[in-house]
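# Reading the structure
One-letter residues, chain by chain:
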Amino acid sequence: MPQLSFGKSPKVHARTASASLAGSGEKRSFSIPANIILLVLVVLILICGLVTLYAVTRTETEYSIMRQIVGVAIGVVVMVGVWLFDYRRLANLVIPLIVLDAVLILLPMVPGLGYEVNGATSWIRVGSLSFQPSELAKPVTILAIGAATAQYQGSITRGIDFLKLLGILLIPFVLLMREDLGTALVILIVGFCILLIGGVARRWLIISVVTAVVGVAGLLGLNGVVNDWTGGDVQLIRQYQMSRLLVFIDPDNPEYADDAYNLNQAKIAVGSGELVGKGWGNATQSSGGFLPESATDFIFCVFAEQFGFVGAFILLVLYLALLMTALGIGLSSSDLFGSLIAAGIMAMWLFQIVENIGMDLGLMPITGIPLPFMSYGSSFMFTNFICVGLLLSVWSRRNDAIG
């Protein structure tokens, strides 16, 4: 019976096998290579996304199915290029990666280049083309933190070493805080996961988490004080960011009516799909103009309304398989850097899936984090394909000797 086997050490990995061993009657089970599984899963999720998006574009003309397909095609080309590139050549380029990370994040702040979308100044426009460079900062951050952490060979016990790694992580996080809170949160979560798997002593992570919680609480309180003193002219946290967070705590507060409306419409869309959905093209919440950002933030709602609980369950199974495949690739890596890259990508996808679907169901705050391979947008699609290319690069070199 065909089965998938993941490696449990750098020397053990998934292989294709023959039906029987030469010279004996012993049977050997078939194994599907993880790279094939990864590509098949990506294609299946992409199909779900494109089918859903095409239904949206029938009534919402601001979205273009052809633009998304072109984005996917270019993303595939980028993925192949990353796949062929040996990721280990980046292991000693921590500083250049940090610089590239900062440049990507700061590009929208260049006068005449950046512009605002939905309250966030995280986009750049060149001619008729627009792009979100902070999306590319995600894989770059994974590479930078992964390369820096791997240099300690899985044992980081000194406080000074932890502070160095934390400083590398905080550079993109702080730069992104006011520009794109959702991306900043993704980078923070991913960075901590890489540090945890990379061997940082747990006491340092616990101290950091406690400090972060106290710091966020203090920042929220300070933001209210500064806002009152200046009459709203100075805000440490932008109003739309505060509204998205606070509507989760108090959805009935009329001050956050717009975001509460989005949340209520999202839950109505998911619930109205019931068991098997209304059928393709019959998502009345989006087609009727009730569901905002239906092709981006709330694409899962449109999918669930059309295909119901059954369709949503199948999509979640595909995502679970995608995450497990990334985990298997990380376990099969011949070096720690490759394992940390896979762990970072897995953590990024996991957080985005949980946050996006969670906010659609009212279980998580609204942050505008898109759903991997489903949400509309070329920048986000490029990022996901780069990550697939990195996983394929790690898998392809799993048998290579270290060094």
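For the structure itself, consult the block above.
Residues numbered from 1 in each chain as written. Predicted model: local features only at pLDDT ≥ 70, side-chain atom pairs only at ≥ 80, totals over all residues. Heavy atoms only, no water.

## Side note on the overall build of the protein
Counting its regular elements, the protein contains 13 helices and 3 strands. At a minimum sequence separation of 6, the contacts of the protein that also span at least 24 residues come to 70%. Accessible surface, the protein as shown: approximately 18600 Å² in total, 68% of it carbon and sulfur. (Helix = DSSP H or I, 4+ residues; strand = E, 2+ residues; numbered from the N terminus. Contact = heavy atoms within 4.5 Å. Areas by Shrake-Rupley, 256 points an atom, 1.4 Å probe, with all protein chains shown as cover.)

## A closer look at the nonpolar core
If you look at the biggest cluster of nonpolar residues, it comprises 97 residues, and the most contacted ones within it are Leu322, Phe337, Trp349, Phe373 and Met374. For this core, the leading source of residues is helix H11 (residues 299-332), giving 14 residues. When residues no more than four places from it in sequence are discounted, the contact partners of Phe373 are Val42, Ile45, Leu46, Gly49, Leu322, Trp349, Phe380, Met381, Asn384 and Val388. (Core = buried A, V, L, I, M, F, W, Y, C linked by side-chain atoms within 4.5 Å. Buried < 20%, exposed > 50% of the residue type's maximum accessible area, 1.4 Å probe, protein only.)

## Side note on helix H3 (residues 94-106)
An α-helical turn contains 3.6 residues, so a residue and the one three or four places further along point in the same direction. With 13 residues, H3 ought to run about 18 Å at 1.5 Å a step, and its terminal C-alpha atoms sit 19 Å apart, in line with that. Every buried residue of H3 is listed here: Val94, Leu97, Ile98, Asp101, Ala102, Leu104 and Ile105. The buried residues of H3 occupy an angular sector of 160 degrees when the element is viewed end-on, so they sit on one face. Where H3 is buried, its residues touch helix H4 (133-150) and helix H5 (159-177). (Expected span 1.5 Å × (residues − 1). Arc of directions from axis to C-beta.)

## So, the environment of Gly330
Mapping Gly330 onto the fold places it in helix H11. The buried category is assigned to Gly330, whose relative accessible area is 9%. Between the C-alpha atom of Gly330 and that of Ala342, which follows or precedes it by 12 residues, the distance is 4.9 Å. Dropping the residues within four chain positions of it, Gly330 is found in contact with Ser339 and Ala342.

## What about the side chain of Thr149?
Relative to the elements of secondary structure, Thr149 occurs in helix H4. Overall, Thr149 belongs to the buried group, its relative accessible area being 0%. A distance of 2.7 Å separates a polar side-chain atom of Thr149 from the backbone oxygen of Ile145. Leave out the neighbours within four places in its chain, and Thr149 touches Ile156, Leu165, Ile194, Leu195, Gly198 and Leu340. (Polar contact = N/O pair within 3.5 Å; in protein donor to acceptor, adjacent residues only side chain to side chain.)

## As for a nonpolar patch on the surface
Taken together, the side chains of Ile32, Ile36, Val40, Val43, Leu44, Ile47, Val51, Tyr54 and Trp280 make up a nonpolar region of the molecular surface, amounting to roughly 740 Å² of accessible area. Counting through the fold element by element, Ile32 comes out in the segment before helix H1 (34-57). Judged by its relative accessible area of 37%, Ile32 is partly exposed. (Patch = residues over 30% accessible without salt bridge, like charges linked within 9 Å, V, L, I, M, F, W, Y side chains within 5 Å. Salt bridge = Lys/Arg side-chain N within 4 Å of Asp/Glu carboxyl O.)

## Description of the packing of aromatic side chains
Enumeration according to the criterion identifies 9 aromatic pairs in this entry. Residues Tyr63 and Tyr376 carry aromatic rings whose centres are separated by 5.2 Å and whose planes lie at 70 degrees to one another, so their mutual orientation is edge-to-face. Placement of Tyr63 in the loop between H1 and helix H2 (65-84) and of Tyr376 in the loop between helix H12 (336-360) and helix H13 (378-396) is noted, with a sequence separation of 313 residues between them. When the ring of Phe309 is compared with that of Phe313, the centres are 6.3 Å apart and the planes differ by 20 degrees; the resulting orientation is stacked. Of this pair, Phe309 and Phe313 both sit in helix H11, 4 residues apart, roughly one helical turn. By relative accessible area, Phe309 is classed as exposed at 52%. Aromatic rings pair up to connect Trp349, Phe373 and Phe385 into one cluster. Over the aromatic face of Trp395 sits the side chain of Arg398, whose NZ or CZ is 3.8 Å from the ring centroid. (Phe/Tyr/Trp six-rings, centres within 6.5 Å; stacked < 30°, edge-to-face > 60°. Lys NZ or Arg CZ within 6 Å of the ring centre and 35° of its normal.)

Everything listed is a geometric property; what it means functionally is a separate question.
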